[in-house]
Amino acid sequence: MNLISRLLVLKLNSCQSQHVYNRLKYDHNYVQRSSFSTSFVRSSETCRIGCASGFWGDTPTAVEQLVSGGKLDYLVLDYLSEITMSLLTAAKAKNPNLGYTPDFVLHAVGPQLKQIKEKGIRVISNAGGINPEACAAALQAQAAKAGVDIKVGIVTGDDLMSQVQRLADSKDLTSGEPLPAKPHSINAYTGAGAVIRALELGADVVITGRCADSALVLAPAAFHHDWELSSLEQSAGGSVAGHLLECGAQATGGNHTDWRLVSGWHNMGFPIASIAVDGSCVITKPPGTWGLLSRGTVCEQLLYEVGDPRSYVLPDLAVDITGVLVGEPQKMEDGEMGVMVWGAAGKPPTDTYKVGATYMSGFKATAVCIIGGRGAVEKGWITAHATLDRVNGVLKAAGISPITHYHSEVLGGTKDDLHARQSCVLWLSVQHHERKAVEVFSREVAAAGTGGVPGLMALVGGRPNVTPVLKLHSSLVRKCDVPLQVSVGGHTEEYCESGGGVDYSEYCHEDNSEAPHVPSVEGTCTHRLEDLALTRSGDKGDSCNIGVVARRPALLPLLQERLTAPAVARYMAHVFPSYVDPLICVRRYDVPGIGGLNFVLERSLGGGGVASLRPDAQGKAYGQLLLDFPLENMPPLQQLLD
């Protein structure tokens, strides 16, 4: 019996109203759900969910890999970020048939529809962006060409641009500033409930807007096992599985600290979560694929882009990951190697959705110059200063204010290399509130090719493009004010989630003071942090987190003693703007289940995302930088590792 036959027998009463409320009413312990009359036959077996995309731009070859060899029940694809939503908004403004991620239709799922249907795999993706209807229509057209009959469901209602006046007083969660008068995009991060409903209505493919990453996995797991979302332990487990899958190959060797142990980078295996009825899961990958599946790769991903690990707030609940346990790889009954994950704890959901709005804040352009020959670093700095001086001279003559917001950096060299370095790369990025000022920069930067220092080999990409600066405004909106629409096969109904009676602030003000530690062991050796731990860093707006995982849990007390928040703040001080005190912007959280620490570095990304002028606008290398942190007065390394 195929998956659809095994999981779902659905009967719709066509006499009922087209618009039906599907409200989740929380008493923190139970859910009361009113809906169409349905009957279900679901399997209690473990369900297998594979993730084929971690962002818009990920390789579409992952779909064939997972569909062919993954033995999946469900396939999920995650495409969206705040900036992606803004780009899709601009695309739809130019063409009303756009506004979704076309890769999903043209290169990822579209070409594999026949095999997906034959194997009974159901697909869930937020590829709809701000236009799920157009995405569904395009996929249906692809299916018709392939001769495949599929039922596509869509979830809409997260786009809140029509409510801009009502949201005008919404305060940013960090700065407290109100929503800008002319936002570029506004979207609520929705949860699993509406996706579950689409699966209940028989959708083979569910396409959403700004559905939260983890909810793309929680929804099919809850549907498969007939969980109520108020079953907090199970929902927490499903959400952790979603968090581990949402970035694709990052759970199976991508961005891993021990990258030299990873092989077959050309054929990275994408992750699969086999989720049990109790919410625990085993992470695997398709046989015959490369990469690396280990306790370390899974632990690193567990801490990726996490703030306070005691209350990781999602639309469906808040998850406490401090007690999550991750096992060593073991051979499963079917012969696959897998890493077991269990122990997540859930807390009731808040009454609000997080809202991500983007807005225009001027224009920017970035020049990347390759410079060669002796003294390359010094040449780079001369080129940067000369370009800015010339541009500001032109602007002054035109009556335009000078460029004062810029970031210049010579990559591949330091001040100590001023004369010795044979090659380097100059990164020069500028921002101005007037487009004309940035256009002057774009024209003038190339003049260094003949009127500058010798050895300027290339201006990568030619004259830099002038692009809008899009900043993020994060706020809250009551769930009851965001009715969602679920449409499947010509039937549409409304779905509203009421939340769990918890205010968002209850998860934001827990004490996090570090207890003083007296060194438990001492010696005369200095070790790099990499000798004792793994790291992984990621961004949330203008903040970056660095997850640290002890190579052995017994080493955690040593890390707690020496890797304090003030110590990390001083070591990473160079990533903070000059007007920011790192000592008040770095917080540390303990994650004892995996022997980990999580550091949050607020205001450390120069604005973050498209708003940042830095090469590392998302803090991807921050974890790598911290690996060189010196752990002093330690015993010999072998003694620590024995």
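Preceding this paragraph is the structure being described.
Note that the structure is a prediction, hence the values are computed from the model and not measured.

Visitor: Quick question: what am I supposed to make of the overall build of the chain here?
Guide: Tallying secondary structure elements over the chain gives 18 helices and 29 strands in all. With respect to the principal axes defined by its C-alpha atoms, the chain has extents near 80 × 65 × 45 Å. Of all 642 residues assigned to the chain, the portion counted as buried reaches 56%. Partitioning the intrachain contacts of the chain with sequence separation of at least 6 by distance along the chain shows that 76% fall at a separation of at least 24. In the form shown here, the chain has an accessible surface area of approximately 26400 Å², with 52% of it arising from carbon and sulfur atoms. When the 54 basic and 65 acidic side-chain charges of the chain are each reduced to a single mean position, those positions are 6 Å apart.

Visitor: Just checking my understanding: could you explain the pairing of strand β22 (residues 484-488) for this structure?
Guide: Looking down a regular strand, the side chains alternate between one sheet face and the other. Counting buried residues along β22, 4 of its 5 residues qualify, which places the element largely inside the surrounding structure. Note that strand β6 (residues 152-156) and β22 share 4 bridges and pair antiparallel. The residue of β22 that forms the bridge with Gly153 is Val488. One ladder, built from 5 bridges, connects β22 with strand β23 (residues 491-495); its direction is antiparallel. Within β23, the residue paired with Val488 across the bridge is His491. Here β22 folds back onto β23 in antiparallel fashion, the turn holding 2 residues, of which Gly489 has a positive phi close to 55°.

Visitor: How should I be thinking about helix α8 (residues 215-225) in this particular structure?
Guide: One full turn of an α-helix is made of 3.6 residues, so residues set three or four places apart face in the same direction. Burial runs high along α8: 11 of the 11 residues are buried. Phi turns positive one or two residues past the end of α8, at Asp226, with a value near 60°.

Visitor: Explain the sheet that holds strand β28 (residues 596-601) here, please?
Guide: Remark on secondary structure: sheet strands pair via backbone hydrogen bonds, oriented parallel or antiparallel. The strand order β25-β26-β28-β27 describes an open sheet built from 4 strands, whose pairing is antiparallel. Two strands lie at the open edges of the sheet, namely β25 (533-540) and β27 (586-591), each paired on one side alone. Direction aside, neighbouring strands of the sheet carry axes that sit 20° apart on average. Sheet analysis places β25 next to strand β26 (residues 543-550), joined by 8 bridges and oriented antiparallel. Looking at the pairing, Leu534 lines up with Val549 of β26.

Visitor: Is there a simple way to think about the packing of aromatic side chains in this case?
Guide: Aromatic ring pairs: the centre-centre distance and the angle between the two ring planes describe each pair. Under the definition given, this model contains 2 aromatic pairs. Plain terms: the ring middles of Tyr571 and Phe629 are 5.3 Å apart, the flat faces sit at 65° to each other, and that makes the pair edge-to-face. With a gap of 58 residues between them, Tyr571 in helix α16 (residues 565-571) and Phe629 in the loop between α17 (622-626) and β29 (630-634) connect regions that are remote in the sequence. Tyr571 gets classed as partly exposed once you look at its relative accessible area, which sits at 28%. Geometry around Tyr189 places Lys354 over its ring, the cationic atom sitting 5.5 Å from the centre.

Visitor: Sorry if this is basic, but what is going on with the sheet that holds strand β12 (residues 318-320) here?
Guide: Strand order in the open sheet formed by 3 strands is β11-β12-β16, and the pairing between neighbours is antiparallel. Bordering the open sheet on either side are β11 (312-313) and β16 (345-347), each of which pairs with just one other strand. As judged from the 2 bridges shared by β11 and β12, these two strands associate in the antiparallel manner. Note that in β12 the partner of Tyr312 across the bridge is Val319. Each of β11, β12 and β16 touches helix α9 (residues 232-245); the most contacted strand, β16, lies at about 110° to it.

Visitor: I would appreciate a short explanation of the pairing of β27 in the present structure.
Guide: In this sheet, β28 lies alongside β27 in antiparallel orientation, the contact comprising 6 bridges. Considered in β28, the bridge of Asp590 is made with Leu597. What sits between the antiparallel neighbours β27 and β28 is a turn of 4 residues, in which Gly595 has the positive phi angle 70°.

Visitor: Would you take a moment to explain the pattern of salt bridges for this structure?
Guide: Pairs can form between side chains of opposite charge once their charged atoms are near each other. The final tally for this structure, using the stated rule, is 19 salt bridges. For Arg310, the salt bridge is made with Asp308, and the minimal N-O distance between the two is 3.0 Å. On the accessibility criterion, Asp308 (14% relative accessible area) is buried. Across the pair Glu602 and Arg587 runs a salt bridge, and its minimum N-O distance is 2.7 Å. Linking Glu602 in the loop between β28 and α17 with Arg587 in strand β27, this pair joins segments that are 15 residues apart in sequence. Overall, Glu602 belongs to the partly exposed group, its relative accessible area being 27%.

Visitor: Whenever I open this one, helix α7 (residues 193-200) confuses me. Can you help?
Guide: Most of α7 is tucked away: 8 of the 8 residues are buried. Within α7 the residues assigned to the buried category are Gly193, Ala194, Val195, Ile196, Arg197, Ala198, Leu199 and Glu200. Next to the buried residues of α7 lie β5 (122-125), β6, β8 (205-208), α8, β22 and β23. Looking one or two places after α7, you find Gly202, whose phi comes out positive at around 95°.

Visitor: What's the story with the side chain of Lys285 in this structure? I'm lost.
Guide: Here Lys285 lies in the loop between β10 (281-284) and α10 (295-302). One polar contact links the side chain of Lys285 to the main-chain carbonyl oxygen of Thr289, over a distance of 2.8 Å. A distance of 3.3 Å separates a polar side-chain atom of Lys285 from the backbone oxygen of Trp290. Residue contacts for Lys285: discarding those within four places in its chain leaves Thr252, Gly269, Phe270, Ile272, Trp290, Leu293 and Glu336.

Visitor: Any chance you could explain the environment of Cys544 here in plain terms?
Guide: By secondary structure assignment, the location of Cys544 is in strand β26. When the C-alpha positions of Cys544 and Ile186 are compared, they lie 23 Å apart, and in sequence the two are 358 residues distant. For Cys544, the residues in contact, after removing those within four places along its chain, are Ser537, Gly538, Asp539, Phe599, Val600, Leu601, Ser604, Leu605, Gly619 and Tyr622.

Visitor: Would you explain unusual backbone geometry in this entry?
Guide: When glycine is set aside, most residues are seen to have a negative phi, and most peptide bonds are trans. Here Arg603, not a glycine, exhibits a phi torsion of approximately 60°, which is positive. Mapping Arg603 onto the fold places it in the loop between β28 and α17. With phi around 55°, Asn633 is a residue other than glycine that occupies positive phi space. By secondary structure assignment, the location of Asn633 is in strand β29.

Visitor: Just to check I follow, could you spell out the environment of Val298 for this structure?
Guide: Tracing the backbone shows Val298 in helix α10. Remark: the alpha-carbon pair of Val298 and Thr366, spanning 68 residues in sequence, is separated by 35 Å. When sequence neighbours within four positions are dropped, the list of residues in contact with Val298 reads Leu244, Ala251, Ile283, Leu293, Val326, Val339 and Val341.

Visitor: How should I be thinking about the state of the cysteines in this particular structure?
Guide: Simply put, disulfide is the name for a covalent bond between the sulfur atoms of two cysteines. Overall, the coordinates contain 0 disulfides when judged by the stated rule. Cysteine Cys135 shares no disulfide, and the gap to the nearest cysteine sulfur, in Cys211, comes to 14 Å. For Cys135, a relative accessible area of 0% puts it in the buried group.

Cut-offs used in this document
Residues numbered from 1 in each chain as written. Predicted model: local features only at pLDDT ≥ 70, side-chain atom pairs only at ≥ 80, totals over all residues. Heavy atoms only, no water. Helix = DSSP H or I, 4+ residues; strand = E, 2+ residues; numbered from the N terminus. Buried < 20%, exposed > 50% of the residue type's maximum accessible area, 1.4 Å probe, protein only. Contact = heavy atoms within 4.5 Å. Areas by Shrake-Rupley, 256 points an atom, 1.4 Å probe, with all protein chains shown as cover. Lys, Arg positive; Asp, Glu negative; His and termini not counted. Charge placed at Lys NZ, Arg CZ, Asp CG, Glu CD. Pairing = 2+ DSSP bridges. Axes fitted to C-alpha atoms, helices over the stretch in contact; angles between N-to-C directions. Phe/Tyr/Trp six-rings, centres within 6.5 Å; stacked < 30°, edge-to-face > 60°. Lys NZ or Arg CZ within 6 Å of the ring centre and 35° of its normal. Salt bridge = Lys/Arg side-chain N within 4 Å of Asp/Glu carboxyl O. Polar contact = N/O pair within 3.5 Å; in protein donor to acceptor, adjacent residues only side chain to side chain. Disulfide = S-S within 2.5 Å.

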